[in-house]
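Structural features, examined
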Amino acid sequence: VGDYDRAERMLDSEIDATRDAGYLLMLAGIETNLAEIAAARGDWPRSRTLVLSARRRLPQDVWLLNQRLDRLD
């Protein structure tokens, strides 16, 4: 809730383990959260990169994350 630095650190600490485990949906969720943090900071290039990466990982029927990613677009 506004503590972007702490949230980013927590999410970054989970990326490698989530990727290594093959949990693509969870990884897309982490990247979506990081994209939202980047957008809140006004870092649109990083946000866009994370959005594109998250979209590549998602099956088409994941409505909630698709809606969040659409809003970031």
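Above this note sits the structure.
The following refers to the structure shown. All values derive from a computational prediction rather than experimental measurement. (Residues numbered from 1 in each chain as written. Predicted model: local features only at pLDDT ≥ 70, side-chain atom pairs only at ≥ 80, totals over all residues. Heavy atoms only, no water.)

When the terminal C-alpha atoms of helix H2 (residues 24-41) are compared, their 25 Å separation across 18 residues agrees well with the 26 Å that a helix rising 1.5 Å per residue should span. Taken together, the buried positions of H2 are Leu27, Ala28, Gly29, Ile30, Glu31, Thr32, Leu34, Ala35, Ile37, Ala38 and Ala39. Contacts from the buried residues of H2 go to helix H1 (4-21), helix H3 (44-57) and helix H4 (63-72). Two residues or fewer past H2, glycine 42 is found with a positive phi of approximately 85°. (Helix = DSSP H or I, 4+ residues; strand = E, 2+ residues; numbered from the N terminus. Expected span 1.5 Å × (residues − 1). Buried < 20%, exposed > 50% of the residue type's maximum accessible area, 1.4 Å probe, protein only. Contact = heavy atoms within 4.5 Å.)

Residues Leu34 and Leu58 are the most contacted members of the largest nonpolar core, which totals 17 residues. Looking at this core, the elements with two or more residues in it are H1, H2, H3 and H4. For this core, the leading source of residues is H2, giving 7 residues. Excluding anything up to four places from it in sequence, leucine 58 contacts Leu25, Ala28, Leu65, Asn66 and Leu69. (Core = buried A, V, L, I, M, F, W, Y, C linked by side-chain atoms within 4.5 Å.)

This part takes up the environment of leucine 58. Following the sequence through the fold, leucine 58 ends up in the loop between H3 and H4. Considered as a pair, leucine 58 and leucine 27 are 31 residues apart in the sequence and their alpha carbons are 9.3 Å apart.

As a further point, take H1. Since the α-helix packs 3.6 residues into each turn, any two residues three or four apart lie on the same face. End to end, H1 covers 26 Å across 18 residues, agreeing with the expected 26 Å (1.5 Å per residue, within 8%). Among the residues of H1, those classed as buried are Glu8, Leu11, Ile15 and Thr18. The elements touched by buried residues of H1 are H2 and H3. Just beyond H1, the residue with positive phi is glycine 22, at close to 85°.

Now for the pattern of salt bridges. Scanning the entire structure with this criterion turns up 9 salt bridges. In this structure, arginine 41 engages glutamate 8 in a salt bridge whose closest nitrogen and oxygen atoms are separated by 2.6 Å. Taken together, the positions of arginine 41 in helix H2 and glutamate 8 in helix H1 put the pair 33 residues apart, joining distant regions of the chain. Measuring nitrogen to oxygen at the nearest pair gives 3.6 Å for the salt bridge that ties glutamate 8 to arginine 46. Residue glutamate 8 is located in helix H1, and its partner arginine 46 is located in helix H3; the two are separated by 38 residues in the primary sequence. (Salt bridge = Lys/Arg side-chain N within 4 Å of Asp/Glu carboxyl O.)

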